[in-house]
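# Working through the structure, step by step
Given next are the chains, with one letter for each unit.
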Amino acid sequence: MAYVAIADRDHEQELHDPTTFITKYIWSQDHKVIAIQYSITAMFVGLVALGLSAMMRLQLGFPDSFSFITPTDYYQFITMHGMIMVIFLLTALFLGGFGNYLIPLMIGSRDMVFPYMNMMSYWVYLVSVIVLLASFFVPGGATGAGWTLYPPQAILPGTPGSELGILLMLVALALFIVAFTMGGLNYVTTILQARTRGMTLMRMPLSLWGIFMATILGLLAFPALFVSAVMMTLDKVAGTSFFMPAILSMGETMDHEGGSPILFQHLFWFFGHPEVYIVALPAFGLVSDLLSTHARKAIFGYRMMVWAILAIGGLSFIVWAHHMYVSGMNPYFGFFFATTTLIIAVPTAIKVYNWVLTLWQGNIRMTVPMLFAIGFIFTFTHGGLTGIFLGNVVVDLPLSDTYFVVAHFHMVMGVSPILVVFGSIYHWYPKITGKMFNQTLGKLHFWITFLGTYAIYLPMHYLGFLGVPRRYYAMGDTEFMPESAFTLNQGITISALIVGAAQFIFLYNIIVSLKKGKDAGSNPWEATTLEWQTPDTPPKHGNWGPELPVVHRWAYDYSVPGCRDDFIPQNMAPDDVPMAADSVSQSPDVGTHGSEGETDGPDGEPVA
Amino acid sequence: MTITLVLLGIIMATVIGWLLRQTLNTEPWDALDPAENQPGRGVITAPPSKIGLMTFIAVVTSLFALFLSAYMMRMQLGDWRPLPEPDLLWLNTAVLVLASFAFQMTRRAVTRGQLQTVKTGLIAGGVCTALFLIGQLVAWQQLGATGYFITGNPANAFFYLLTALHGLHLLGGMWVWGRTTTRVLKGADVESVRLSVELCTVYWHYLLLVWIGLFGLLLST
């Protein structure tokens, strides 16, 4: 037999059926429970980081008004905000949350292939989050070295939290990497090994391609952060000189000599740049599925999308030094990295074109997930274009230490992935909980967030062109900054606070809808992918009934001409597809896959 | 970063090359074509834990490659004073080769169903590995006794760091070895430990290779 799905092998994976409350909801090995645990923890630290950004904005918009925000606090807020958002929120939420939830369901498997390791992954992640947050409460407070933790200043006296704070940060990162590696081994192996019968790699939804490639990048790139964390810990604790040059600190000679801070930067950014794509690729994948589903149209250029993901994954390892133009480097070196950086824009642009072309002549349903997905196209294009500016050495040098960079990376890897996170949570919420969220609140949340984003970050580009430096606690009296820059900063702060507050609409919506939401049915969006075809909603332990689904088609059979419905589930055999001509003569319950009892589309429009 | 780029380049080329082979010449939108006829099935017949181990080995390769890159970059700075490697390391290397050899023997015995040889092989492999680890600790002590402390010079620091890291990976392997050996000694049949033995053998060979690479680098610099 040429094709042996794991389900058909002699030893079908054994499931550890939970028996007690604790094994069901706490020490659970069920990928869905672990996914929810990951997501809740990540959203919790995300809220902490959101609070930190609000404090930073208060200080920037209204300097001298808030005596409780000292320069020390400000640097700690910057550092923790950045690290939490990039690693402990986005990476954990996309891979630990969506990866865990969607991989087994989308490939038609009962669980991850190593459920125990999956559970350990979450608990180590939780410990890393606790260690990270604990650093706020130790003597000296959290580290204030900036999220890049550059030595030597990160471990020198005078930097906030240079004693315990930085150590806890490094330990938290090391733990996170251990947790991620355990999870990542699972995601890769599960996608390679546990796909159900008929689910070829090229029939996988793009969400999985994005998550798969991001996991591979993470597995290979996180060791660089691990290496730098270990070496910096030794520099701090054991007095080695990996990164620490001979240095005078507070008038005294330190024990270190000869170390290379640039070495740290290479290691850090060798992780740091792939990290951008670890966050972006799952977002690319998820948004492709949202667009296709809600535009009722096959994704444009599926194969090209897959190849673009592969190309971005490969290229992301040879662009890291574009973060180090200002550190000084051989011009040929800079030329090389500027070239690779601009080349990576090609597959990325292919993806953007394909998203737009997917919408072209689609039967677009302006649902809440769709709004977020379209919003993502705007913010991502916007952030990507400023990236082309900054990828060039000569443009980067004057702009690098200004708010232009802050605006760029927040648009491209802050706002854009977060919009996809929201869109995806709204999209899969009915499957995860069985309830439908409140559409009006969802739309309100979208419009405040999306417009607010522009109110915050567009002016920041302008501030950057003015030369307003980033990382400063207060600007003081400077001649080059006109009065309007200060007014703009106030406006940005007010927008940021409004957007921050709007996120509570989202939390309120998803919490209250748990109780009060209408039953969503098993396939409210009339989607084709396997997770919408489960026998139970929310899916029970083991996901599928006695039989695993068999896949007959790719994930994008929307609006197929001649068919009665405008979607054909992946597990529907060609002979079972209800044709338009049959619909008169046959009873309406012929299409037994998923859409029973669905007479209305999500927004009340009749189903075609 | 050359070492890292070369090794990661090989890994990424393998992964992307394999994925590309699965994706070329497919027409995923054609539902009438059953999956069995399509390329891109991406079928791997190996058991999941083997794929898991190979992925883990890729991660560890990335880790060591990055350390080696850091080593090479740090080495070029002025204050680097190479340390004399204790001769004991040669003996340790020989012991680790023996351990790998013992695992290879066990693996062959497992496929032939020779329970007694499996037992002997596993114990011999474990003992050799333990000896190697003890030997490494003694080497540390010898270095310390002659005044080569971790803070003395980055060369010393890298030596301690790399050997420790390699030792920790072996210790992780010893945990799996311990579980497998216990099962065999408690009378589990050969077939049930076959996969564990195979995985241990691959992992030990890999760590031997890493050690030889590290040792070669330490000797040559």
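Remember, it's a predicted structure, so these values are computed and weren't measured experimentally.

Time to look at the overall build of chain B. Along the backbone of chain B there are six helices and zero strands. Its helices and strands taken in sequence order, chain B reads α-α-α-α-α-α from the N to the C terminus. Relative to the globule expectation of 17 Å for 221 residues, the C-alpha radius of gyration of chain B, 21 Å, shows a markedly less compact shape. Each principal axis of the C-alpha atoms in chain B carries an extent, and together these give about 75 × 50 × 20 Å. Within chain B, residue pairs in contact and separated by at least 24 positions form 76% of the contacts whose partners lie at least 6 positions apart.

Moving on, we come to the overall build of chain A. Scanning chain A for helices and strands turns up 15 helices and four strands. Projected onto its principal axes, the C-alpha coordinates of chain A cover approximately 90 × 55 × 50 Å. Taken across its 608 residues, chain A has 56% of its residues classed as buried. Contacts in chain A between residues at least 24 apart in sequence constitute 79% of all its contacts with a sequence separation of at least 6.

Moving on, we come to unusual backbone geometry. For residues that are not glycine, phi is negative in most cases, and the peptide bond is trans in most cases. All names here are of chain A. Of note, the bond from P151 into P152 is cis; its omega dihedral lies within 30 degrees of zero at 0°. Among the structural elements, P152 can be located in the loop between α4 (115-134) and α5 (164-193). One non-glycine residue, Q361, lies in the positive phi region at around 60°. Inspection of the secondary structure puts Q361 in the loop between α10 (345-359) and α11 (368-391). With 10 C-beta atoms packed within 10 Å, Q361 lands in the exposed category. One non-glycine residue with positive phi stands out, namely R471, at about 75°. On the secondary structure map, R471 appears in the loop between α14 (439-466) and α15 (483-516).

Below, the discussion takes up the interface of chain B and chain A. Between chain B and chain A, the contact holds 46 residues from the first and 50 residues from the second. Put simply, the parts of the chain that give the side of chain B that touches chain A at least two residues each are α1 (2-23), α2 (48-75) and α5 (154-185) of chain B. Taken together, the residues of the side of chain B that touches chain A sort by class into 30 nonpolar, twelve polar and four charged.

Once that is clear, we can look at the nonpolar core. All names here are of chain A. Grouped together as the largest cluster of nonpolar side chains are 237 residues, with contacts concentrated most on F88, F176, V287, I309 and F372. Per-element tally for this core: the top contributor is helix α3 (residues 71-107), with 24 residues. Residue-level mapping places this core at the junction of two domains, with at least three residues from each of domain 1 (368-384 + 400-516) and domain 2 (546-608). Leaving out residues up to four positions away in the same chain, F372 has contacts with L419, V420, F422, G423, Y426 and F446.

All names here are of chain A. Two elements in contact, helix α6 (residues 206-237) and helix α7 (residues 261-294), have axes whose closest approach is 8 Å; the angle formed by their N-to-C orientations is 160°. Accordingly, the angle class assigned to the pair α6 and α7 is roughly antiparallel. Judged by the twist between their axes, the crossing of α6 over α7 is left-handed. Across the contact of α6 with α7, the residue classes tally to 25 nonpolar, six polar and two charged.

A separate point is the packing of α7 of chain A against α11 of chain A. Residues and elements named next belong to chain A. Axis separation between α7 and α11 bottoms out at 9 Å; the angle between their running directions is 125°. Regarding the angle of α7 to α11, the classification is oblique. Handedness of the α7/α11 crossing: left-handed. In this structure, α7 contributes V287, L290, L291 and H294 to the contact, and α11 contributes P369, M370, A373 and F376. Of the residues in the contact of α7 with α11, the class split is seven nonpolar, one polar and no charged.

We now examine the confidence of the model for chain A. Overall, the predicted model of chain A reaches an average pLDDT of 90, with 93% of residues at or above 70. Note on residues 1-5 of chain A: pLDDT under 50 across the span, and eleven contacts to partners over four residues away in sequence or across chains.

Residue and element names in this part refer to chain A. Helix length check: α4 (20 residues) gives 29 Å between terminal C-alpha atoms against 28 Å at 1.5 Å per residue, within 8%. Residues of α4 that are buried include every one of P115, N118, M119, S121, Y122, Y125, S128, V129 and L132, and no others. Packed against the buried residues of α4 are α2 (31-61), α3 and α5.

Turning our attention to the environment of Q570 of chain A. By the element assignment, Q570 of chain A lies in the segment after β4 (518-519). For Q570 of chain A, the residues in contact, after removing those within four places along its chain, are T528, T529, L530, V551, H552, R553 and A555 of chain A.

Definitions and limits used
- Residues numbered from 1 in each chain as written.
- Chains lettered and ligands numbered in written order.
- Predicted model: local features only at pLDDT ≥ 70, side-chain atom pairs only at ≥ 80, totals over all residues.
- Helix = DSSP H or I, 4+ residues; strand = E, 2+ residues; numbered from the N terminus.
- Rg over C-alpha atoms; globule rule 2.2 N^0.38 Å.
- Contact = placed C-beta atoms within 7 Å.
- Buried ≥ 20, exposed ≤ 12 C-beta atoms within 10 Å, placed from the backbone.
- Nonpolar A, V, L, I, M, F, W, Y, C, P; charged D, E, K, R; others polar.
- Core = buried A, V, L, I, M, F, W, Y, C linked by C-beta atoms within 7 Å.
- Domains from an automatic or database assignment.
- Axes fitted to C-alpha atoms, helices over the stretch in contact; angles between N-to-C directions.
- Parallel < 35°, antiparallel > 145°, perpendicular 65-115°, else oblique.
- Left-handed = near helix turned anticlockwise from the far one by under 90°.
- pLDDT = per-residue confidence, 0-100.
- Expected span 1.5 Å × (residues − 1).

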